[in-house]
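Here are the chains, one letter per residue:
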Amino acid sequence: MNKKLGLRCLNNAPLLLFATVFLLLGLASDRFLDWQNLLNIGVQSSSTAIVAIGMTFVLLTAGVDLSVGGVMFVAVAVAGKMIYSGQPLWLSFLAALVVGIIAGVINAFFVTRMKIAAFVVTLAMLFFARGFGLWFTQTRAMNMPDKVTAIGTSSVLGIPIPLLVLAVVCIAAHLTLSRTPFGRQIYAVGNNSDHARKAGISVTRNLFIVYVICGACAALAGLLALTQTGAVSPSFGENKEFSAIAAAVLGGTSLFGGRGKILPGTLFGAVLIQTVENGLVILNANPYLYPIITSLIIFFAILLDSIRSRALESFHRRPIRPTDFQTNP
Amino acid sequence: MNTGKPSIKTALRFDSIVKEFFGVRVLKEVSFEIGEGKTLGLVGENGAGKSTLMNILGGNLQPEEGSLWFGGQPFSPRSPADAEVAGIAFVHQELNLFGNLSIAENLFVNCFPTTGGLINRSRMFNDTSAALKQVGLNLSPDTPVDRLSAGEQQMVEIAKALARDARLIILDEPTTSLTDIEAGRLFKVLRDLQQQGITLIYISHALEEVANLSDDILVLRDGEVVGNGPKSSFSQSKMISLMVGRDIDHLFPPRSHTPTRKPALRVEKLGRKGVVKDIDFTLHEGEVLGISGLIGSGRTELARILFGLDPVDSGNITLAETSILKLSPAARIQKGMAFLTENRRDEGLCAEASIADNMTLVAAPRFKRGPLALVNRESISLEVTRYREAVRLTKSAQNTQQVKTLSGGNQQKVVLAKWILNQPKLIILDEPTRGIDVGAKYEIYSLINQLTQEGAAVLVISSELEELIGICDRILTMRQGEITGQFNQGEFDREKILAAAIH
């Protein structure tokens, strides 16, 4: 039946979009499908993907965390400063994660205890974190010693370390969301927080943890990006909140909460965004076109998503007169 | 469990429970008890204190005075979790399910079985299967809940109570959104539960259901027990007079008008693929026309089409001799149409807004004054006062009060006032008395009478056949989107109408 086929296409819209982009880029440039280039795309997406995974947790509860870009910056700034002053790498990295967690806790406190809209709280945190980081670094860029970038470029068993980190985070997040009580309760909270409270779920606790996870993911993503770029610049992590939300939504996460997945969903979205940018670089496209093309793709994906949910709804509605739809007997 | 011994233990005892809100006593020394494995029918008008009483039992509220005994021991739940641990389950009128989760996940959402931190899916699946079997639902535990019908969701709620080994299940208006068939299925399940020795508290405005299911009856009025005893000592009319505090000889006001032969609304060959087909009828001025049919028979969909909310494929709709087929809902309202939807909370009211704001919502353009066409507050307050009296809104409510603080019956009166203020010629009422008490129902019926007296035409959709028989001049039956029968007043026969709606 045509309708079913259409629905199946819509259901797998992100996948189809991904395949189309891949095919087009592969046809346009023979370098694109090069194994090394594909590995590159994976490594480059790892940072965005991890922010997007944290963001997915928050979006699932029908919240949002706009502060991730600022949190990335301030976490990495702290780590960078510590590395500069001769502290061991592990301690500096740990400190960055703690900074991310603290930012998450502050967000969570105001959202859950003070009942302030997540949008407002995290927007304030975005500027606060950026401002704090700029003051802290005196707006100077810091170039990292080689031992930092060595992490980003080395491999274990042929797999680059950033990809390994991404894989671990992905699997952990996926299992948490799909197989743990906490994960399933997040979906319940996102569906209807009032119902969740009545069903005996601690909504406050769930929301709190979700913002902390998002803060920690942002810090971890910042560290991954640091090991690849080797420098903390004042614009580090800028606009990351948008690519993170875009990646999650591209992967089918609903901004209204209660719907979305890490695998393939969010991971897919992040890799897709990176693929487009990578492809444009390889094609030598005008750099001014990057944001335009990326935003068009995101718009298209969200459009598809809204068409999909409407189609799904009408498909699953029980017809009053099923006989009207019976074709050739 | 019922051991078969003749002595009946007390499952639950309320002892002089007093509850106050801001110094107002809403429960005045309420005392009663339920025997183990018995079913108590709890009846009372909206605002009589039923919900407060049950919220105390469910741990949502704590009483000021008095004590509770459950299973022979003092029981003072501080939270819903306490009540749940004790074995008390609540099936709320508004279902508390998560559409994006599976049936199994809904059953165990706050007590997932785990092994090593991960959900033990096979155990969850098996336990859910067992509970679903008990309520006669033949569905996979992995089915997402938003794919279920209202009746199936109700069963899932009961399965949830069973999966948690509840010994006492409270059902609050469980049949309001069910079809007759689904309700029949529910009663069968409840009888099974009674057999298994589970204690039930059944709250409903449908007194017939209460009488059929219960062993004992408890009647509340104004926070006091006004009647308590075995059901054999309560006739339906006795229940009603106890609830209302006065005698209502008839559930329905006497008819005070006769319909004219002047057509108000003419519907010809109306069709929409998959929804309705060949709908043909004429509604006259001063007539009350009822539409009977099961939920899902296309009644509400027809109303939405008539009001212009959904498109049509074929046919014509004529209001006052002009076709309105191409008009938007806003234009139809201007032509004198009104539509009270079945879902007053989400579609009929702005819950946060005041009574006055809600009442003047539709007729707002009437209050434009001056060159800037600003709304004139004085004339609004005059009209609001007039119409709140017309619909007999409770005197204790302020015009500026938020409608969400009103009882169901009073909320419905606000919705009615909102439409009547616009002086409609055709009023479509979809389940106008759902979930409201006997007294308020009577007042709404009186209002319908009065509107027809003034020449308006009324189309009433209802799942309660008694109600249609009581107030309509004519009843149409619908099934699978088609009109299957027409009955004039004088030839209303319950059996025949039901047969036309079902077969």
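Since the model is a prediction, treat every value here as computed from it, not as a measurement.

Analysis parameters
- Sequence order as written defines residue numbering, which begins from 1 separately in each chain.
- Each chain is given a letter, starting from A, and each ligand a number, starting from 1, according to the order in which they appear as written.
- Reporting in this predicted model follows two pLDDT cut-offs: at least 70 for local features of residues, and 80 or more for side-chain atom pairs to be given and counted; totals over whole chains, interfaces and linings ignore these cut-offs and use all residues.
- Neither water nor hydrogens contribute to the side-chain values; these are computed over all heavy atoms in the structure.
- Here, two residues are considered to be in contact whenever any of their heavy atoms come within 4.5 Å of each other.
- One side-chain nitrogen of Lys or Arg within 4 Å of one carboxyl oxygen of Asp or Glu is enough to make a salt bridge.
- Any pair of nitrogen or oxygen atoms within 3.5 Å is treated as a polar contact; in protein, a donor-acceptor pairing is required on top of that, and neighbouring residues in sequence qualify only through side-chain atoms on both sides.
- A run of H or I in DSSP counts as a helix once it spans at least four residues, and a run of E counts as a strand once it spans at least two, with each numbered from the N terminus.
- Asp, Glu, Lys and Arg are counted as charged, while Ala, Val, Leu, Ile, Met, Phe, Trp, Tyr, Cys and Pro are counted as nonpolar; the rest, among them Gly, fall into the polar class.
- Two strands are counted as paired when DSSP detects at least two bridges linking them.
- To obtain an axis, a line is fitted to C-alpha atoms, over the contacting stretch when the element is a helix, and the angle between two such axes runs from 0 to 180 degrees between their N-to-C directions.
- Exposure classes here rest on a 1.4 Å probe applied to the protein chains alone. A residue is buried below 20% of its type maximum, exposed above 50%, and partly exposed in between.
- Here the bounds of each domain stem from an automatic or database domain assignment.
- As used here, buried area is the combined drop in accessible area, with a 1.4 Å probe, of two parts when they are placed together.

Points about the interface of chain A and chain B
Where the parts come together, the accessible area they lose is often given as the size of the interface.
Then, number 1: Taken together, the contact between chain A and chain B spans 24 residues of the former and 34 residues of the latter.
Then, number 2: In this structure, the connection of chain A to chain B is made through one salt bridge.
Then, number 3: Salt-bridge contacts for Glu105 of chain B lead to Arg184 of chain A; the nearest nitrogen and oxygen are separated by 2.6 Å.
Then, number 4: Linking chain A with chain B are nine residue pairs in polar contact (both at pLDDT 80 or more), by the criterion used here.
Then, number 5: Among the elements that take part in the side of chain A that touches chain B, helix 9 (residues 181-191) of chain A stands out by supplying six residues, more than any other.
Then, number 6: When grouped by side-chain class, the residues that make up the side of chain A that touches chain B number nine nonpolar, nine polar and six charged.

Some points on the sheet that holds strand 2 (residues 24-35) of chain B
Residues and elements named next belong to chain B.
Then, number 1: With antiparallel pairing, the four strands of this open sheet are ordered in space as 2-1-4-5. For this open sheet the edge positions go to strand 2 and strand 5 (73-74), each flanked by a neighbour on one side alone.
Then, number 2: With five bridges connecting them, strand 1 (residues 10-21) and strand 4 (residues 65-70) associate as antiparallel partners. Looking across to strand 4, one finds that Asp15 is bridged to Ser67.
Then, number 3: Helix 1 (residues 50-57) contacts strand 1, strand 2 and strand 4 of the sheet and is inclined by roughly 115° relative to strand 1.

Let's talk about the environment of Phe119 of chain A
All names here are of chain A.
Then, number 1: Among the structural elements, Phe119 can be located in helix 6 (residues 118-137).
Then, number 2: C-alpha separation for the pair Phe119 and Ser67, spaced 52 residues apart in sequence, amounts to 9.3 Å.
Then, number 3: Excluding anything up to four places from it in sequence, Phe119 contacts Val64 and Leu66.

Points about the pairing of strand 12 (residues 224-230) of chain B
Residue and element names in this part refer to chain B.
Then, number 1: Relative to strand 12, strand 11 (residues 216-221) is paired through six bridges, and the arrangement is antiparallel. Bridging across to strand 12, Leu218 finds its partner in Asn228.
Then, number 2: Once strand 11 ends, the chain turns through two residues before running back antiparallel as strand 12, passing Asp222 with a positive phi of about 50°.

Topic: helix 9 of chain A
Then, number 1: Extensive coverage of helix 9 of chain A is indicated by the burial of nine of its 11 residues.
Then, number 2: Those residues of helix 9 of chain A not exposed but buried are Phe182, Gly183, Arg184, Gln185, Ile186, Tyr187, Ala188, Val189 and Gly190 of chain A.
Then, number 3: Buried residues along helix 9 of chain A sit in contact with helix 3 (35-60), helix 8 (161-179), helix 10 (193-198) and helix 11 (203-229) of chain A together with helix 3 (103-107) and strand 8 (118-119) of chain B.

Regarding the domain arrangement of chain B
Residue and element names in this part refer to chain B.
Then, number 1: Domain assignment breaks chain B into domain 1 (10-244), domain 2 (259-336 + 424-503) and domain 3 (351-423).
Then, number 2: Placing a centre on the C-alpha atoms of domain 1 and another on those of domain 2 gives a separation of 34 Å.
Then, number 3: At the junction of the two partners, domain 1 supplies 12 residues and domain 2 supplies 10 residues.
Then, number 4: Where domain 1 abuts domain 2, roughly 1000 Å² becomes buried across the two surfaces, and 62% of that area is made up of carbon and sulfur atoms.
Then, number 5: Taken as a group, Thr179, Asp180 and His205 account for 36% of the area that domain 1 buries against domain 2, more than any other trio of residues on that side.
Then, number 6: Those elements giving two or more residues to the side of domain 1 that touches domain 2 turn out to be helix 6 (180-195) and helix 8 (236-244).
Then, number 7: Counted by class, the side of domain 1 that touches domain 2 contains four nonpolar, six polar and two charged residues.

Considering the side chain of Thr143 of chain B
Residue and element names in this part refer to chain B.
Then, number 1: Positionally, Thr143 belongs in the loop between helix 4 (121-134) and helix 5 (150-163).
Then, number 2: Take Thr143: its relative accessible area is 18%, and that puts it in the buried class.
Then, number 3: Within the local environment of Thr143, its side chain forms a polar contact with the backbone oxygen of Ser140, the two atoms lying 2.6 Å apart.
Then, number 4: In this structure Thr143 touches Leu101, Ser102, Ile103 and Leu148, once residues within four positions along its chain are discounted.

A word on unusual backbone geometry
Then, number 1: With an omega of -5°, the peptide bond between Leu263 of chain A and Pro264 of chain A qualifies as cis.
Then, number 2: Inspection of the secondary structure assignment puts Pro264 of chain A in helix 13 (residues 262-282).
Then, number 3: With phi around 50°, Asp222 of chain B is a residue other than glycine that occupies positive phi space.
Then, number 4: Its identity is not glycine, yet Asp278 of chain B carries a phi of approximately 50°, on the positive side.
Then, number 5: Looking at where Asp278 of chain B falls in the secondary structure, it is placed in strand 14 (residues 276-284).

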